[in-house]
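# Working through the structure, step by step
One letter stands for each residue in the lines below.
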Amino acid sequence: MVITTVGIIGAGTMGNGIAQACAVSGLNVVMVDISDAAVAKGIATVSGSLDRLVKKEKITADDKTAALARIKGSTHYGDLTSAQLVIEAATENYDLKVKIVKQLDEMLPPNVIVASNTSSISITKLAAVTQRADRFIGMHFFNPVPMMALVEIIRGLQTSDATHAAVHAMATTLGKTPITVKNSPGFVVNRILVPMINEAFFVLAEGLATAEDIDAGMKLGCNQPIGPLALADMVGLDVCLAVMDVYLSEFGDSKYRACPLLKEMVAAGRLGRKTGQGVYSY
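Reading guide: rules and limits
Residues numbered from 1 in each chain as written. Predicted model: local features only at pLDDT ≥ 70, side-chain atom pairs only at ≥ 80, totals over all residues. Heavy atoms only, no water. Helix = DSSP H or I, 4+ residues; strand = E, 2+ residues; numbered from the N terminus. Rg over C-alpha atoms; globule rule 2.2 N^0.38 Å. Buried < 20%, exposed > 50% of the residue type's maximum accessible area, 1.4 Å probe, protein only. Contact = heavy atoms within 4.5 Å. Areas by Shrake-Rupley, 256 points an atom, 1.4 Å probe, with all protein chains shown as cover. Lys, Arg positive; Asp, Glu negative; His and termini not counted. Charge placed at Lys NZ, Arg CZ, Asp CG, Glu CD. Axes fitted to C-alpha atoms, helices over the stretch in contact; angles between N-to-C directions. Parallel < 35°, antiparallel > 145°, perpendicular 65-115°, else oblique. Left-handed = near helix turned anticlockwise from the far one by under 90°. Nonpolar A, V, L, I, M, F, W, Y, C, P; charged D, E, K, R; others polar. Phe/Tyr/Trp six-rings, centres within 6.5 Å; stacked < 30°, edge-to-face > 60°. Salt bridge = Lys/Arg side-chain N within 4 Å of Asp/Glu carboxyl O. Patch = residues over 30% accessible without salt bridge, like charges linked within 9 Å, V, L, I, M, F, W, Y side chains within 5 Å. Core = buried A, V, L, I, M, F, W, Y, C linked by side-chain atoms within 4.5 Å.

### Some remarks on the overall build of the protein
- Counting secondary structure elements, the protein contains 11 helices and eight strands.
- In terms of C-alpha radius of gyration, the protein reaches 19 Å, essentially the compact-globule figure of 19 Å for 282 residues.
- The buried share of the protein, taken over its 282 residues, is 46%.
- In the protein, of all internal contacts separated by at least 6 residues, the share reaching a separation of at least 24 is 66%.
- Accessible surface, the protein as shown: approximately 13,100 Å² in total, 55% of it carbon and sulfur.
- Once the 25 positive and 26 negative side-chain charges of the protein are each reduced to a mean point, those two points are 2 Å apart.

What follows is the structure, given as structure tokens:
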């Protein structure tokens, strides 16, 4: 299957980032969200991101105009029927994703591939609620999508070779480097990364060092481009907590217990950059 049109569920950070990556690479995009305001905000975010690329002379003004013209915003799932691939990029919540996936399964033509951008939820489990389990796959992009080269392609137990090949080729078309991963909570990158972030919260909570010094230590001592606490703010503390809760539930191992400080900050609504306050103030 050749993928020329991509549907995206969700116009938030991940959804509009995937839309931008697709549109810049010449693919047509249908980006769907629950309200016109959410869709408009997503397209405005793409426009602003493209403006920065124009200023840096990475693309031309004409390239920006052409990319935006390839993105159609909508609040109706029916507009997705022209796509060969639909990527679900909603909030990291199992029940919500199941609801979306079931809706897609009912209205999309049977040959359409459905992918989830989940960072922790079982692809095999999500595929099982559909009638197209062989055409269901995980496609985990990283934030910020336009800048990050990696895409984890997660095969559920039911995913066919043809589905994997089509999605792998599409990711390459976007200029990304795909890695193929077996289905397991957190897959590869987040399985290693999020527990590290959680441990950084334990170190902070125990008062071993300030947030600034913890991040400086990991940047300078481990050659990381961003410290774990600053990264948590970028990812969203609520997302980090949700992923840790999935690990604890799925593995049943106490080493995946979420740090109480992380829980407290999420309860206080201090979720990071998106709320203006997390470990740091923005």
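Alright, that's what it looks like, and here's the rest.
### Concerning the packing of helix α7 (residues 189–205) against helix α10 (residues 237–251)
- Axis separation between α7 and α10 bottoms out at 10 Å; the angle between their running directions is 110°. Classified by the angle between their axes, α7 and α10 sit roughly perpendicular to one another. The two elements α7 and α10 meet at a crossing, and its hand is left-handed. Here Asn 190, Arg 191, Val 194, Pro 195, Ile 197, Asn 198 and Phe 201 of α7 lie close against α10, whose contacting residues are Leu 237, Cys 240, Val 243, Met 244, Tyr 247 and Phe 251.
- Classifying every residue of the contact of α7 with α10 by side-chain character gives 10 nonpolar, two polar and one charged.

### Some words on the packing of aromatic side chains
- Enumeration over the complete set of coordinates arrives at three aromatic pairs.
- A centroid spacing of 6.2 Å and a plane angle of 55° characterise the contact between Tyr 247 and Phe 251, whose relative ring orientation is tilted. Note that Tyr 247 and Phe 251 are positioned in helix α10 at a spacing of four residues, about one turn of the helix.
- Taken together, the ring pairs connect Tyr 247, Phe 251 and Tyr 256 into an aromatic cluster.

### Brief notes about the packing of helix α8 (residues 211–222) against helix α9 (residues 228–235)
- Close contact between α8 and α9 brings their axes to 7 Å; oriented N to C, the two are set at 105°. Relative to α9, the element α8 is oriented roughly perpendicular. Packed against α8, whose contacting residues are Ala 211, Ile 214, Asp 215 and Met 218, the element α9 presents Pro 228, Leu 229 and Ala 230 at the interface.
- Of the residues contributing to the contact of α8 with α9, the split by class is six nonpolar, no polar and one charged.

### Quick look at the side chain of Asp 233
- Here Asp 233 shows up in helix α9.
- No salt bridge is formed by the buried Asp 233; the nearest opposite charge belongs to Arg 273, separated by 6.6 Å.
- Setting aside anything within four residues of it in sequence, one finds Asp 233 in contact with Leu 271, Gly 272, Arg 273, Gly 278, Val 279, Tyr 280 and Tyr 282.

### What to know about a nonpolar patch on the surface
- Judged by side-chain polarity, Ile 179, Val 188 and Ile 192 come together as a nonpolar surface patch covering roughly 250 Å² of accessible area.
- Mapped onto the elements of the fold, Val 188 is located in the loop between β8 (177–182) and α7.

### Comments concerning the nonpolar core
- By size, the foremost hydrophobic cluster in this structure holds 35 residues, and its most contacted members are Val 6, Leu 85, Ile 87, Met 139, Phe 141 and Met 170.
- Beyond its immediate chain neighbours, meaning those up to four positions away, Val 6 contacts Cys 22, Leu 27, Asn 28, Val 29, Val 30, Ala 83, Leu 85, Ile 87 and Met 170.
- Formed by 24 residues, the second largest nonpolar core is a distinct cluster that contains Val 194, Leu 229, Tyr 256 and Met 265.

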